[in-house]
Amino acid sequence: MNTSTWQPPLIWRAALLLARGLVGLLARLEVTGDVPAHLRRGPLVLAANHISPFDPVVMAAACQTRGIAPRIMATAGLFRVPVFGAAMRHAGHIRVDRGTSAVHRALDDAATAVARGSVILIYPEGRIGLDPGMWPERGKTGAARLALVCAAPVIPVAQWGAHEVLPYRAPKGMLRGIARALWRRPVIRVHFGDPVGLDEITSANAGAARRATDRIIDALTDTLAPLRPDEPDLPRHVDPGRPSDPSRAHRRRSA
């Protein structure tokens, strides 16, 4: 066995258990699908849709049910929070300085992590999506470039329901959202989909990252659809503080 293979530290394993308990307190978590046993310790890229500030907690809980301890690519602001930021660094998560020249360093750090056998969780949309129907937006190319450079498999992970726990503008409205969730205990569904086929796309080809990104978002959209069968157009739960931005709407590729 390669002794350099990354192992999740105790603080992260404990946090995964805590996340599962927290989600169980606020909602009813339903996790379907799975990750092949030989991929659970990496190298692997998990590509998830992003609909709420509560998503990372939901994804941690869902991954814990499948025996996965992913390293999360997260916005730099979280790493600047006292104590919490230090815990994030110690747990092995990867800082993303969006909108700065240092953003490319995150991809290098993630590639190194994948090469050491890590599972990386990334939100390919690059932000909490603002699509009016809350479907996955046109993605940024980071997840695809990471997968192509490392020749790592990509598994789409769709989730639905986290937006009913924490509002978009949290911490504003957070207490009200938590109180409502404690009373109603909404259903949060997470599904691990099938690996995305990227074998014929190589990073040397022109436009490879964009084609791979579109394929990942297509797969993520297809994985999400069965989780919201009675909400095909607009979400039933309306968050009045959530802005709408159709400019990054994703147009599915032709079959």
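Here the structure is shown first, and the text comes after it.
Model, not experiment: these values are computed from the prediction.

**Q** Before we move on, can you summarise the environment of alanine 225 with the specific residues and values?
**A** Within the fold, alanine 225 resides in the segment after α8 (208-224). Each C-alpha atom, one on alanine 225 and one on methionine 88, is 32 Å from the other, the two residues being 137 residues apart in sequence.

**Q** Now, about the packing of aromatic side chains: what can you tell me, with residues and values included?
**A** One pass over the structure, following the stated rule, counts zero aromatic pairs. Over the ring of tryptophan 160 we find arginine 228; its NZ or CZ atom is 4.2 Å from the centre of that ring.

**Q** Talk me through the side chain of aspartate 131; I want residue IDs and the actual numbers.
**A** Here aspartate 131 shows up in the loop between β5 (119-122) and α6 (142-150). Buried charge without a partner: aspartate 131 forms no salt bridge, and the closest opposite charge is arginine 228, 6.4 Å away. One polar contact links the side chain of aspartate 131 to the main-chain amide nitrogen of glycine 133, over a distance of 2.9 Å.

**Q** Kindly report on helix α5 (residues 103-115), identifying the contributing residues and their values.
**A** Since the α-helix turns once every 3.6 residues, residues separated by three or four places project in the same direction. Taking 1.5 Å as the rise per residue, α5 with 13 residues should run 18 Å; its terminal C-alpha atoms sit 19 Å apart, in good agreement. Among the residues making up α5, those that are buried are Ala106, Leu107, Ala110, Ala111, Ala113 and Val114. For α5, the angular spread of buried residues about the axis comes to 160°, placing them on one side. Pointing more than 90 degrees away from the buried face of α5 are the exposed residues His104, Asp108 and Ala115. Tucked inside the fold, the buried residues of α5 contact β3 (71-75), β4 (94-96), β5 and α6. Just past α5, the residue glycine 117 takes up positive phi, approximately 95°.

**Q** An account of the state of the cysteines is requested, with residue identities and associated values reported.
**A** Evaluated as defined, the whole model comprises zero disulfides. Cysteine 63 takes part in no disulfide bond, and the closest cysteine sulfur to it belongs to cysteine 150, at a distance of 18 Å. Looking at cysteine 63, the relative accessible area reads 0%, which means it is buried.

Conventions adopted
Residues numbered from 1 in each chain as written. Predicted model: local features only at pLDDT ≥ 70, side-chain atom pairs only at ≥ 80, totals over all residues. Heavy atoms only, no water. Helix = DSSP H or I, 4+ residues; strand = E, 2+ residues; numbered from the N terminus. Phe/Tyr/Trp six-rings, centres within 6.5 Å; stacked < 30°, edge-to-face > 60°. Lys NZ or Arg CZ within 6 Å of the ring centre and 35° of its normal. Buried < 20%, exposed > 50% of the residue type's maximum accessible area, 1.4 Å probe, protein only. Lys, Arg positive; Asp, Glu negative; His and termini not counted. Salt bridge = Lys/Arg side-chain N within 4 Å of Asp/Glu carboxyl O. Polar contact = N/O pair within 3.5 Å; in protein donor to acceptor, adjacent residues only side chain to side chain. Expected span 1.5 Å × (residues − 1). Arc of directions from axis to C-beta. Contact = heavy atoms within 4.5 Å. Disulfide = S-S within 2.5 Å.

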